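# Tertiary structure, described
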Amino acid sequence: VQLQASGGGLVQTGDFLRLSCEASERTFNTYTVGWFRQAPGKEREFVAAVRGSNGYTYYSDSVKGRFTISRDKAKSTVYLQMNTLKAEDTAVYYCAAGPGIILSSIQRGPSYAYWGQGTLVTVSS
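A brief structural summary.

Cut-offs and rules
Residues numbered from 1 in each chain as written. Predicted model: local features only at pLDDT ≥ 70, side-chain atom pairs only at ≥ 80, totals over all residues. Heavy atoms only, no water. Phe/Tyr/Trp six-rings, centres within 6.5 Å; stacked < 30°, edge-to-face > 60°. Helix = DSSP H or I, 4+ residues; strand = E, 2+ residues; numbered from the N terminus. Buried < 20%, exposed > 50% of the residue type's maximum accessible area, 1.4 Å probe, protein only. Lys NZ or Arg CZ within 6 Å of the ring centre and 35° of its normal. Disulfide = S-S within 2.5 Å.

### Observations regarding the packing of aromatic side chains
If you walk through the whole model with that rule in mind, you get five aromatic pairs. Seen in terms of ring centroids, F36 and F46 are 5.7 Å apart; in terms of plane orientation they differ by 75 degrees. Their pairing is edge-to-face. Note that F36 is positioned in strand β4 (residues 32-38) and F46 in strand β5 (residues 45-50), a separation of ten residues in sequence. Taken individually, F36 and F46 each receive the classification buried, so the pair is uniform in this respect. With a centroid separation of 6.4 Å and 70 degrees between ring planes, the pair formed by Y112 and W115 is classed as edge-to-face. Residue Y112 is classed as buried on the basis of its relative accessible area, which comes to 4%. Every member of this aromatic cluster is reached through a ring pair, and the members are F36, F46, Y112 and W115. Across from the ring centre of F36, 5.8 Å away, lies the NZ or CZ of R44, which sits over that ring.

Right under this line is the structure:
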């Protein structure tokens, strides 16, 4: 499965962006899909995920209430709506997907088999 992440850009504090993660195969629709980010000089961190089995969503504390993950199965695409952006949201954002990810591992990058190339989000203050 190939993943194509897009939608990044340069915005100001308080603005919004919507990232997209489009997959090459429809089996993607059954996978858990996660968004991760990596800021300059920092380790990659979990942002949000949506489970393939039941559609439940999960968020890191730093984005809860501001970001929303959703999926459109007809388009084999997962979105990350990011509202009220802050300077600390600046990072390269990656989407990832994989089958059979248990709940306790959903925030761990190695749990995901497939990764997109990343899209840069820069929030200017």
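Still more to cover.
### Quick notes on the state of the cysteines
By the definition in use, this model includes one disulfide. Across a sulfur-sulfur distance of 2.2 Å, C21 and C95 are joined as a disulfide pair. With the S-S bond torsion at 70 degrees, the cross-link from C21 to C95 turns out right-handed. Residue C21 is located in strand β3 (residues 17-23), and its partner C95 is located in strand β9 (residues 91-98); the two are separated by 74 residues in the primary sequence. C95 shares its class with C21; the two are buried.

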